[in-house]
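One-letter residues, chain by chain:
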Amino acid sequence: MACGGCCREVYSCIFEYNTPRIVLIKSRKVGLMNRVIQLGILAYVIGWVFVWEKGYQEFDTVVSSVASKVKGVAVTNTSEFGSRIWDVADYIIPAQEENAFFVMTNLIVTLNQTQDHCPELPDESTICTSDHNCTAGLVGTHSNGEQTGKCVKYNETVKTCEVFAWCPVENDTETPKPAFLKDAENFTVLIKNNIWYPKFKFSKRNILPNISNSYLKTCLYDRIHNPFCPIFRLGNIVSEAGESFQDMAVQGGVMGIQINWNCDLDRKKSDCVPKYSFRRLDNREVEHNVAPGYNFRFAKYYKDKSDIESRTLMKVYGIRFDILVFGTAGKFDIIPTMINIGSGAALLGVATVLCDIIVFQFMKKRHYYREKKYKYVEDYELGANEYGSNP
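A quick note: this is a predicted structure, and the numbers were derived from the prediction, not measured.

A. Structural view of the sheet that holds strand β1 (residues 57-61). Taken in spatial order, the three strands make up an open sheet running β1-β16-β12, and their pairing is mixed. Strands with a single pairing partner mark the edges of an open sheet, and in this sheet they are β1 and β12 (263-264).

See below:
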């Protein structure tokens, strides 16, 4: 029996053919439901696909290059440097970066270091009471040099293990507050951004054609009054991101300058303009952050009159500004237009499928509608042979 039933199913699959049958159901409920579904699909295709997503356009992503130039001067008066002027060559480190620039805002300086023997900086692993607490040749992960095995006086109350290192060793246990270069808030940066959409052979830069040299010398970016000025005050960049420059300058941080080039090339080329936005990229919750801010070290080497190599070690804190350029451009193209029209037309068939499911499965007259929808017709010769009839 099982084999016979299987054979009948295979036979039916091979030798039966289904063809659609159109049934006109005169029902306000079914007709209204069908029109509502069709209107919903049309609203999606026209409103979302074509109007909002611009499905009639071909798109390309932006290719970009960025150059920046910082200007500003600060004056400090400290015990390490005395009275000193700081200009661009001092606080921009390095002089050029790709799509970014770093501005020094705080500094710990250790002057006149030479390679010698001196006491290590006090901590749990270096404080000692005798030579037995120190291990000759030991180099710790966070040590400043190699231990000699001697316990020497660090100050009047504390002894530490002696090391062979750049002496005196750096003491960075306390970060200067307020920031060393707190006046960096008033520095300005000129950002020059060139963009290109290779698919459409369209290029432009953020210094727009209507910007003159005189305007460029006096303008300063303002979201409302000067939204296309490419010169930005550093303090304003940080405040636009909802941060305090003076708080951020102490430990340093990372800021993002976002330039958005979303362009509709079916419109005038002058309508393709940059939009600027700003946000902080590093962890702003300093109290919950183990290693907050942004800092690094570098040294300036020289030789004294005795031909002994010396250096000035600087631990530099500052704000790194990353310039992030993104965007897409769209232009009319017949291929995506026809594809989306065809997809929308095919999607209208969903209305019929949904209505059929509701009508034939959930409505009270579903059995009656099925009888009108489906009709079983047997081939004449096949019926004659099965029932023993003559044609």
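B. Region of the structure containing the state of the cysteines. Under the counting rule described, the total for this entry stands at five disulfides. The residue that forms a disulfide with Cys134 is Cys161, at a sulfur-sulfur distance of 2.1 Å. Measuring the twist about the S-S bond at about -90 degrees, one finds the Cys134-Cys161 disulfide to be left-handed. Here Cys161 lies in strand β7 (residues 159-167) and Cys134 lies in the loop between β5 (100-119) and β6 (145-153), a separation of 27 residues in the sequence. Given the relative accessible area of 1%, Cys161 is considered buried. In this model Cys219 forms its disulfide with Cys229; the gap between the sulfur atoms is 2.0 Å.

C. Spotlight on the pairing of strand β9 (residues 202-205). With burial as the criterion, only one face of β9 is covered, namely that bearing Phe202 and Lys204; the residues Ser203 and Arg205 on the opposite face remain uncovered. Two elements, strand β8 (residues 188-197) and β9, share four bridges in a ladder whose sense is antiparallel. Looking at the pairing, Asn194 lines up with Arg205 of β9. A loop of four residues connects β8 with β9, the two strands running antiparallel in sequence, and Lys201 in this loop sits at a positive phi of about 55 degrees.

D. Region of interest: the pairing of strand β3 (residues 74-78). Where β3 lies against strand β4 (residues 82-86), five bridges are found, and the strand directions are antiparallel. Within β4, the position partnered with Thr76 by the bridge is Arg84. Linkage of β3 to β4, two consecutive antiparallel strands, is achieved through a turn of three residues.

E. Region of interest: a nonpolar patch on the surface. A surface patch of nonpolar side chains, about 980 Å² in accessible area, is lined by Tyr44, Trp48, Trp52, Leu347, Val350, Val353, Leu354, Ile357, Ile358 and Phe362. Going through the elements one at a time, α2 (28-52) and α8 (349-361) are the ones with two or more residues in the nonpolar patch. The element that contributes the greatest number of residues to the nonpolar patch is α8, accounting for five residues. The partly exposed category is assigned to Leu347, whose relative accessible area is 31%.

F. Unusual backbone geometry, seen in detail. Cis geometry marks the peptide bond from Ile93 to Pro94, where omega comes out at -15 degrees. The omega torsion across Lys177 and Pro178 is -5 degrees, close enough to zero to call that bond cis. As for its position among the elements, Pro178 is in the loop between β7 and β8. In this structure, Lys54 takes a positive phi of about 50 degrees despite not being glycine. Counting through the fold element by element, Lys54 comes out in the loop between α2 and β1. Take Lys54: its relative accessible area is 23%, and that puts it in the partly exposed class. Phi at Asp307 is positive, roughly 65 degrees, even though this residue is not glycine. Structurally, Asp307 can be placed in the loop between β14 (295-303) and β15 (309-326).

About the criteria used
Chains are numbered independently. Their residues run from 1 in the order of the written sequence. In keeping with the model being predicted, local features are shown solely for residues with a pLDDT of at least 70 and side-chain atom pairs are shown and tallied solely at 80 or more, while totals for entire chains, interfaces and linings include all residues. For the side-chain quantities, the full set of heavy atoms in the structure was used; hydrogens and water were omitted. What makes two strands pair is DSSP finding at least two bridges between them. Numbering goes from the N terminus for both helices and strands, where a helix is a DSSP run of H or I of at least four residues and a strand is a run of E of at least two. Disulfides are defined as cysteine sulfur pairs within 2.5 Å. The cut-offs for exposure are 20% and 50% of the maximum accessible area for each residue type, with area from a 1.4 Å probe on protein chains only; residues under the lower value are buried, those over the upper are exposed, and the others partly exposed. Candidate patch residues must exceed 30% relative accessible area and have no salt bridge, after which like charges are joined if within 9 Å and Val, Leu, Ile, Met, Phe, Trp or Tyr side chains if within 5 Å. Reported accessibility uses the Shrake-Rupley method at a 1.4 Å probe radius. Residues are deemed covered only where the shown protein chains occlude them. Basic side-chain nitrogens of Lys or Arg form a salt bridge, by our definition, when they fall within 4 Å of a carboxyl oxygen of Asp or Glu.

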